[in-house]
Amino acid sequence: MAAKSKTFPPVEDCPSIGRENDTVVADMDGTLLCGRSSFPYFALIAFEVGGVLRLLFLLLASPFAAALYYLISESAGIQVLIFAAFAGARVADIESVARAVLPKFYSGDLHPDTWRVFSSCGRRWVLTANPRIMVEPFLKEFLGADVVMGTEVGAVRGRATGFVKGPAGVLVGVNKADALMAAVGGGGAVPEIGLGDRKTDHPFMQLCKEGYIVPPKSEVKPVPVDKLPKPIVFHDGRLVQKPTPLAALFIVLWIPVGFLLACVRIAAGSLLPMPLVYHAFWALGVRVHVKGSPPPSAKSGEQTGVLFICSHRTLLDPIFLSTALRRPIPAVTYSLSRLSELISPIKTVRLSRDRAADAGMIKKLLEDGDLVICPEGTTCREPFLLRFSALFAELTDELVPVAMSNRMSMFHGTTARGWKGMDPFYFFMNPSPVYEVRFLNKLPYDLTCGAGGKSSHEVANYIQRTIAATLSYECTSFTRKDKYRALAGNDGIVGDHKKVANGNMSPFKVMGC
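The numbers attached to residues start from 1 for each chain and follow its sequence in the written order. Residue-level local features of this predicted model are given only where pLDDT is at least 70; pairs of side-chain atoms are given and counted only at 80 or more, and the full residue set underlies all totals for whole chains, interfaces and linings. Processing note: side-chain calculations cover all non-hydrogen atoms of the structure and skip hydrogens and water entirely.

Draft legend 1. Spatial organisation of empty space enclosed by the protein. Throughout, the protein atoms alone are placed on a 1 Å grid, and a set of points is a cavity if a 1.4 Å probe fits but cannot get out or a pocket if it is open with protein on both sides within 12 Å along at least five of seven lines; lining residues have an atom within 4 Å of a point. Grid points are joined across faces, edges and corners, and a volume is the space filled by probe spheres set on the points. A complete count under the given rule lists three cavities of 30 Å³ or more for this structure. Of the pockets and cavities examined, the largest cavity occupies roughly 320 Å³. As for the largest cavity, its lining consists of 29 residues, of which Leu 315, Leu 316, Pro 318, Ile 319 and Leu 336 are closest to the centre. Starting at the N terminus, helices and strands are each numbered in turn, a helix being any DSSP run of H or I of at least four residues and a strand any DSSP run of E of at least two. Mapped by element, the contributors of at least two residues to the lining of the largest cavity are helix H11 (245-271), helix H13 (317-325), strand S10 (331-333), helix H14 (338-343) and helix H16 (423-428). Considering only residue class, the lining of the largest cavity consists of 19 nonpolar, nine polar and one charged. By volume, the second largest cavity amounts to about 70 Å³. Val 233, Phe 234, His 235, Asp 236, Thr 379, Cys 380, Arg 381, Thr 414, Thr 415, Ala 416, Lys 483 and Leu 487 together form the lining of the second largest cavity. Each residue is assigned to one class: nonpolar for Ala, Val, Leu, Ile, Met, Phe, Trp, Tyr, Cys and Pro, charged for Asp, Glu, Lys and Arg, and polar for all the others, Gly among them.

Following this line, the structure appears as structure tokens:
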């Protein structure tokens, strides 16, 4: 085996022209992905389905898993990781994390040389020791894999047992070759290309007409974001960075401290007068950068207040707008958790999704003063703007676009699958989160609906393009429904399925931003 392993040329030598009718079968960790360790992805599963305690359990089990992996067998070490991350978790939750969370991290680690060969072939197969339930959504939806062969994990009554299912066991070594032969069938043609990165991949690579090894290179850079086969517009999960063992340990140690710090920051924002909140945030490590010239507050007797049109990064956008202005600005929102309403330092008003009722309410609020709205209707983490709802443009000509952006180093302050009430806490749990509020020029009257005679869609699209250009973002036509269908498998509405199907859902039964 060792002698034959030296005959495998590096993947750089594999031609990728004229491979449209060929079949390629590739390993995953260290082959399709630059990283050779699957620990960060098991850590993501552990944290998202079981929280910090499950992540701690995985961390405690990882030295034992590493000892088994390197000293006894790869199979035994991988089984320990599977058990620590999966045991007792709901299968539906694991599938949800695999669909909504892992693709963001997998796509950021795609090996350029392997992808060049893999993408050039007409039929793409993946053979991996990772649990199939964990990797299949990314491989099929984002990389166009036709067949995914992975380790099968047992389940009882909708919960994963953490034990490997089936006679194949963990797909390493000879087990990979057996799985490949079973997939090909007795008289089927073997794949043209086999790609692997370690000795335990050699058995299945020898079954292919050509075999290429992916040598470990610390200097290799993943495929750039703009070269990915499919852009990641929507993704979920609380963690910003890939949780390596050291990063995971820091997360476990930081969360108790970070939660206390978040409570102090939220209390300061909720209890202090708004003119002092800006300074309090800076003293507590929250950086608020204000750019542009905000308009003065509406004076009593004026016909209407200013409507601030904000891009939507987190549900804290209106609060940081108020912080930048040093005065509380009421906000209209499509949904907000009861806890977020309770701790909010500004007035929040829920939209009912009834166009006539919402229009009347917004007009009434504008008669009382300034107002802020996020017409995307939901948040987006990536540099994209979702479609702007055009209702706001019909209600006033006093429109001020505001480009909101933020930076977080540890935790995302948004979620589509989790409890929305924790969003502010996760944002303020970051050691030093940053919010940037950019006030753009007030929309000229000749570009509005009333004085300029423009349609509401023209106005909404113009403001969307203006904010996108300011932030160097890309405009899209995606909506709230697109986001929740991609991440949560629903339309962002919670309630009785029959009512949803019949269109009789209460407007307040919504999942959040």
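After that view of the structure, there is still more to cover.
Draft legend 2. Examining the UniProt feature "domain: Phospholipid/glycerol acyltransferase" (unreviewed entry) in the protein more closely. UniProt positions are given in the numbering used here, feature names are shortened, and annotations may be inferred rather than shown by experiment. The UniProt record marks residues 306-407 with the feature "domain: Phospholipid/glycerol acyltransferase" (unreviewed entry), using the residue numbering of this structure. As annotated, residues 306-407 comprises 28% helix and 24% strand, and the C-alpha atoms at either end are separated by 27 Å.

Draft legend 3. Structural view of the side chain of Asp 109. Examined against the element boundaries, Asp 109 turns out to sit in the loop between helix H6 (102-107) and helix H7 (112-120). Three labels apply to residues, based on accessible area from a 1.4 Å probe with only protein chains included: buried if under 20% of the type maximum, exposed if over 50%, partly exposed otherwise in between. Exposure remark for Asp 109: the relative accessible area of 8% places this residue in the buried category. Excluding residues within four positions of it along the chain, Asp 109 makes contact with Leu 32, Leu 33, Cys 34, Gly 35, Tyr 41, Pro 222 and Lys 242. Throughout, a residue-residue contact means that at least one pair of heavy atoms, one from each residue, lies within 4.5 Å.

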